[in-house]
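# Remarks on the overall topology
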Amino acid sequence: MTQPSADTATEAAAALLNYFAVPRIDLALVLGSGWSQAADSLGEPLGAVPLADLPGFEAPVVAGHGGDLRLIRTSAGKLAALFTGRTHFYEGRGVEPVVHGVRTAAAAGATAIVLTNGCGGLNPAWLPGTPVLIRDHINLTGATPVRGATFLDLTDAYSPRLRALAREVDPSLDEGVYVQFRGPQYETPAEVRMAAAIGGDLVGMSTTLETIAAREAGMEVLGISLVTNAAAGISPTPLAHAEVIEAGRAAGPRLGALLAGLVEKL
Ligand code: 8IG
């Protein structure tokens, strides 16, 4: 299919607003690996549409990654679009499908977006199941959603205001720098040492391109990583996708409480 563009995001936004019969949405959340259980605690569910039914989306393929857009009314009365899955850069379809959900949310009126992910942790104190706020990122994909000579400022890309709100909900939250590798293979231990040397705390395969697109679209961004595993070489045991799913399951109640407390304040 042809690549979804900013115009396709306008079409997808119109389709979703029409589907739910609402004039606009207020915020959006993207649930990454390990975060799916948090979906049920965010407010009053108003319905769901398969992403593949909206212009420009294709169904995600990874086990443990869903593919719906759910509309939720938060306890504060805001309309939140919840993406239960995302397209990853490693799927090889390019950048446009990766950021299509973010652009659709912005085109539908969202002024803030919460981007969550599952990732590897470099700090051995972050046991599997620990949520960490993203303070900043390093994009090692070599790709960008920005087209042309658009010199987008990424200072405070991860909103200090929203991070402070998250810490009001959970004062124990640490912060870190998220390093996006292309994947889909996990890093080698040497690549993890490189990530540490360049200032990284978290390694993953999503989020940075979405953040860039969200900032270009003028949204405030909150990024939250769930450390589902120690990054390669940090722990003596090899990485397994089953570990990722188990860490998410065990952390479910904490993540649900965190997101529910947060959306009340957004
Ligand atoms: I879940 O250790 C998850 N996603 N790059 N490295 C990278 N991505 C991840 C990891 C990890 N764990």
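The rules behind each value
Residues numbered from 1 in each chain as written. Predicted model: local features only at pLDDT ≥ 70, side-chain atom pairs only at ≥ 80, totals over all residues. Heavy atoms only, no water. Helix = DSSP H or I, 4+ residues; strand = E, 2+ residues; numbered from the N terminus. Buried < 20%, exposed > 50% of the residue type's maximum accessible area, 1.4 Å probe, protein only. Contact = heavy atoms within 4.5 Å. Areas by Shrake-Rupley, 256 points an atom, 1.4 Å probe, with all protein chains shown as cover. Lys, Arg positive; Asp, Glu negative; His and termini not counted. Charge placed at Lys NZ, Arg CZ, Asp CG, Glu CD. Arc of directions from axis to C-beta. Near = heavy atom within 4 Å. Polar contact = N/O pair within 3.5 Å; in protein donor to acceptor, adjacent residues only side chain to side chain.

## Section: the overall build of the protein
If you tally the helices and strands in the protein, you get 6 helices and 9 strands. Overall size of the protein, expressed as C-alpha extent along the three principal axes, is 50 × 40 × 35 Å. Counting over 266 residues, the protein shows a buried share of 53%. For the protein, contacts bridging at least 24 residues in sequence account for 81% of all contacts bridging at least 6. When the accessible surface of the protein is summed, it comes to about 10800 Å², and 55% of that surface belongs to carbon and sulfur atoms. If you average the places of the 18 positive and of the 26 negative side-chain charges in the protein, the two averages end up 3 Å apart.

## Structural notes on helix H3 (residues 160–169)
Within the sequence span of H3, burial applies to Leu162, Arg163, Leu165 and Ala166. When H3 is viewed along its axis, its buried side chains cluster within an angular range of 155 degrees and face the same direction. Looking at the buried positions of H3, the neighbouring elements they touch are strand E5 (112–121), strand E6 (130–139), strand E7 (174–180), strand E9 (220–230) and helix H6 (241–265).

## Describing the site of the ligand
The local shell around the ligand consists of Gly118, Cys119, Gly120, Tyr186, Glu187, Val203, Gly204, Met205, Thr228, Asn229, Leu239 and Val244. Val203 places a main-chain nitrogen or oxygen 3.5 Å from a nitrogen atom of the ligand. Taking Asn229, its side chain carries an N or O atom lying 2.8 Å from a nitrogen atom of the ligand. For the ligand, the accessible surface in isolation is 320 Å², of which the surrounding protein chains cover 96%.

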